[in-house]
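# Residue-level structure breakdown
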Amino acid sequence: MGDGTSGSPSASTAAHEGAMVMPTTAPGPFNDADVAYAQGMIAHCSQLVEMSGLAPGRASNQEVKDLASRTMTNEKTELAAARGWLRYWNRPESAAEGGMDMGGDDGGDMKMADSMSEADMEKLKTAEGVAFDRAFLKAMIEHRNGEIEMTRGVLGDGRNATVKQQAVMMAAMQKGEVQSLTRLLAKL
């Protein structure tokens, strides 16, 4: 996986060392579940990048600032991978671009599992100090749990071997991170 194209699980080790690597192509058969997972990753990771970008000027706890920095780097790697998969498959980055309706009665996009609402994001943007630290960690825990749920869907219904391998790795990493985030939140 070091070259960004193979599917080696060694990225799990690299991620724990702070240098996550993910393949940006996903050869082989794929289906709608794989596409939906990649599109969901883009939406999910984009929000985490936005959240993490707030921390340098708003967080008071150095561990929170460090977490946000690592998160920003890792989420950008995940975004590149998901976008690469979709380009490789010649699929759009969002369901809305492709005309797929993943929404409710209004035809809008389905809310990502455990993503922040616009109102919650606005609150985070105005929070400072310990209030920001707590709100950020709570949102991160919800996001990570949402990512774990997303991986379950693609592992059950997906077809692409690369995507499934990455989903297994991501679920394991996210479970560990939820535990770390919960411990950090308890310290604040």
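These lines cover the structure that appears in this document, whether it is placed above or below. (Residues numbered from 1 in each chain as written. Predicted model: local features only at pLDDT ≥ 70, side-chain atom pairs only at ≥ 80, totals over all residues. Heavy atoms only, no water.)

This brings us to the side chain of Asn61. Tracing the chain through its elements places Asn61 in the loop between α2 (32–58) and α3 (62–89). A residue is classified by how much of its surface remains accessible, and Asn61, at 18% relative accessible area, is buried. When sequence neighbours within four positions are dropped, the list of residues in contact with Asn61 reads Asp133, Leu184 and Leu188. (Helix = DSSP H or I, 4+ residues; strand = E, 2+ residues; numbered from the N terminus. Buried < 20%, exposed > 50% of the residue type's maximum accessible area, 1.4 Å probe, protein only. Contact = heavy atoms within 4.5 Å.)

This part takes up the nonpolar core. By size, the foremost hydrophobic cluster in this structure holds 24 residues, and its most contacted members are Met22, Tyr37, Met41, Trp85, Trp89 and Val163. Contributing elements (two or more residues each) for this core: α2, α3, α6 (129–157) and α7 (161–187). Leave out the neighbours within four places in its chain, and Trp85 touches Met22, Pro23, Thr24, Thr25, Ala26, Tyr37, Ala38, Met41, Thr162, Val163 and Gln166. With 22 residues, the next largest nonpolar core counts Val64, Met121, Phe132 and Ile141 among its residues. (Core = buried A, V, L, I, M, F, W, Y, C linked by side-chain atoms within 4.5 Å.)

To continue, consider empty space enclosed by the protein. A water-sized probe rolled over the atoms picks out the places where empty space is left. Counting across every chain of the model gives 1 cavity of 30 Å³ or more. Space inside the largest cavity adds up to approximately 60 Å³. Lining the largest cavity, in full, are Tyr37, Met41, Glu78, Glu147, Met150, Thr151, Met170 and Gln174. Breaking the lining of the largest cavity down by element, the ones donating at least two residues are α2, α6 and α7. With 3 residues, α6 is the single largest residue contributor to the lining of the largest cavity. Here the lining of the largest cavity is composed, by residue class, of 4 nonpolar, 2 polar and 2 charged. (1 Å grid on protein atoms, 1.4 Å probe; cavity = no way out; pocket = protein on both sides within 12 Å on 5 of 7 lines; lining within 4 Å. Points joined across faces, edges and corners; volume = space filled by probe spheres on them. Nonpolar A, V, L, I, M, F, W, Y, C, P; charged D, E, K, R; others polar.)

You can see Arg91 is positioned in the loop between α3 and α4 (95–98). Filtering out sequence-adjacent residues up to four positions away, Arg91 remains in contact with Phe30, Val35 and Leu86. Of the polar contacts made by the side chain of Arg91, one reaches the backbone oxygen of Trp89; its length is 3.1 Å. (Polar contact = N/O pair within 3.5 Å; in protein donor to acceptor, adjacent residues only side chain to side chain.)

This part covers unusual backbone geometry. If you check the backbone angles, Asn90 has positive phi at about 60° while not being a glycine. Tracing the backbone shows Asn90 in the loop between α3 and α4.

The subject of this paragraph is the pattern of salt bridges. Should their charged atoms come close, side chains of opposite charge can pair. Under the defined criterion, the tally for this structure stands at 9 salt bridges. Measuring nitrogen to oxygen at the nearest pair gives 3.1 Å for the salt bridge that ties Glu50 to Lys125. Pair noted here: Glu50 is in helix α2 and Lys125 is in helix α5 (residues 118–126), with a separation of 75 residues, a long-range link. Look at Glu50 and you get partly exposed, because its relative accessible area is 36%. Salt bridges linked by common partners bring Glu75, Arg144, Glu147 and Glu177 together as one network. (Salt bridge = Lys/Arg side-chain N within 4 Å of Asp/Glu carboxyl O.)

Once that is clear, we can look at the side chain of Glu75. Mapped onto the elements of the fold, Glu75 is located in helix α3. The buried category is assigned to Glu75, whose relative accessible area is 0%. The contact partners of Glu75, leaving out residues within four places of it in the chain, are Cys45, Leu48, Val49, Arg144 and Glu147.

With that settled, the discussion passes to the packing of α3 against α7. Close contact between α3 and α7 brings their axes to 13 Å; oriented N to C, the two are set at 165°. Relative to α7, α3 is oriented roughly antiparallel. Here the hand of the crossing between α3 and α7 comes out left-handed. The residues of α7 that touch α3, namely those facing Glu63, Val64, Leu67, Thr71, Glu78, Trp85 and Trp89, are Thr162, Val163, Gln166, Met170, Gln174, Glu177, Leu181, Leu184 and Lys187. Grouping the amino acids of the contact of α3 with α7 by side-chain chemistry returns 8 nonpolar, 4 polar and 4 charged. (Axes fitted to C-alpha atoms, helices over the stretch in contact; angles between N-to-C directions. Parallel < 35°, antiparallel > 145°, perpendicular 65-115°, else oblique. Left-handed = near helix turned anticlockwise from the far one by under 90°.)

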